[in-house]
Amino acid sequence: QVHLVESGGGSVRPGESLSVSCSASGYDYSSLSMGWFRQAPGKEREHVASVSAAGSLTYYAESVKGRFTISRGNAKNTMSLQMNSLKPEDSAMYYCAADNSWSALTGGGGGHWGQGTQVTVSS
């Protein structure tokens, strides 16, 4: 099975930047789409951004367009989310998700999940 590990979370002030990353192991990464979901206390889980295996397809939530950028790493088993101009409403637990199917990932996250990394934006 696929093992996903997130890193890079932390606490920042509004307007600052932060990058979170995800590393996958135990799978053929040539067809592995990866993405980020987030969930804040009392809120529903939100699909933040995703990128296809080849990097040709991307998805961004309307709330993060123009501020966040998702990309595959030099190795295709890695993925990062560069978050700029962070706002307090971006505070959440960020989860890495992956699936061999783009439609499955974008439709709900797919079959593989990491444990999450906390992002807190506060003054």
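If you're wondering where the values come from, they're calculated on a predicted model, not measured in any experiment. (Residues numbered from 1 in each chain as written. Predicted model: local features only at pLDDT ≥ 70, side-chain atom pairs only at ≥ 80, totals over all residues. Heavy atoms only, no water.)

Colleague: Explanation requested: the overall build of the protein chain in the structure shown.
Modeller: Within the protein chain, the secondary structure is distributed over one helix and 11 strands. Reading the protein chain from its N end, one meets helices and strands in the order β-β-β-β-β-β-β-β-β-α-β-β. What you see for the protein chain is a C-alpha radius of gyration of 13 Å, in line with the 14 Å of a compact globule of 123 residues. Projected onto the principal axes, the alpha-carbon positions of the protein chain cover approximately 40 × 30 × 25 Å. Put simply, the protein chain has 123 residues, and 40% of those count as buried. (Helix = DSSP H or I, 4+ residues; strand = E, 2+ residues; numbered from the N terminus. Rg over C-alpha atoms; globule rule 2.2 N^0.38 Å. Buried < 20%, exposed > 50% of the residue type's maximum accessible area, 1.4 Å probe, protein only.)

Colleague: Hey, could you run me through the environment of V5 in this one?
Modeller: Note on placement: V5 falls in strand β1 (residues 3-7). On the accessibility criterion, V5 (40% relative accessible area) is partly exposed. The sequence separation of V5 and A24 amounts to 19 residues, and the corresponding C-alpha distance is 6.7 Å. Those residues in contact with V5 that sit more than four places away from it in its chain are S21, C22 and S23. (Contact = heavy atoms within 4.5 Å.)

Colleague: Where do I start with the sheet that holds strand β8 (residues 78-83) in this structure?
Modeller: Within a beta sheet, neighbouring strands are joined by backbone hydrogen bonds and run either parallel or antiparallel to one another. Strand order in the open sheet formed by four strands is β1-β3-β8-β7, and the pairing between neighbours is antiparallel. The outermost strands of the open sheet, each flanked by one partner alone, are β1 and β7 (68-72). Between one strand and the next, the sheet's axes are offset by a mean angle of 15 degrees, whatever the strand orientation. Of the strand pairs in this sheet, strand β3 (residues 18-25) and β8 are connected by six bridges, and their pairing is antiparallel. Each residue of the ladder has a partner; that of V20, found in β8, is L81. (Pairing = 2+ DSSP bridges. Axes fitted to C-alpha atoms, helices over the stretch in contact; angles between N-to-C directions.)

Colleague: Even after reading the chapter, I still don't get the pairing of β3, so can you show me in this structure?
Modeller: Burial of the side chains of β3 is restricted to one face: L18, V20, C22 and A24 are buried, whereas none of S19, S21, S23 and S25 on the reverse face is. Relative to β3, β1 runs antiparallel, the two being bridged by five bridges. Among the inter-strand pairings, L4 is bridged to a residue of β3, identified as A24.

Colleague: What is the right way to read the state of the cysteines from this model?
Modeller: Such a bond, covalent and formed between the sulfur atoms of two cysteines, is termed a disulfide. One pass over the full model with this rule turns up one disulfide. Across a sulfur-sulfur distance of 2.0 Å, C22 and C96 are joined as a disulfide pair. Across the S-S bond linking C22 and C96, the dihedral sits near -80 degrees, which makes this disulfide left-handed. Residue C22 is found in strand β3, and its partner C96 is found in strand β9 (residues 92-99); the two are separated by 74 residues along the sequence. By the burial criterion, C22 is buried, and C96 matches it. (Disulfide = S-S within 2.5 Å.)

Colleague: Sorry if this is basic, but what is going on with the pairing of strand β11 (residues 117-121) here?
Modeller: Remember that side chains alternate between the two faces of the sheet whenever the strand is regular. Every second residue of β11 is oriented toward a common face, the buried set being T117, V119 and V121 and the non-buried set Q118 and T120. Bridge count for strand β2 (residues 10-12) against β11 is three bridges, and the pairing is parallel. Each bridged residue has a counterpart across the sheet, and for V12 the counterpart in β11 is V121. Bridge count for β9 against β11 is three bridges, and the pairing is antiparallel. Within β11, the residue paired with Y94 across the bridge is T117.

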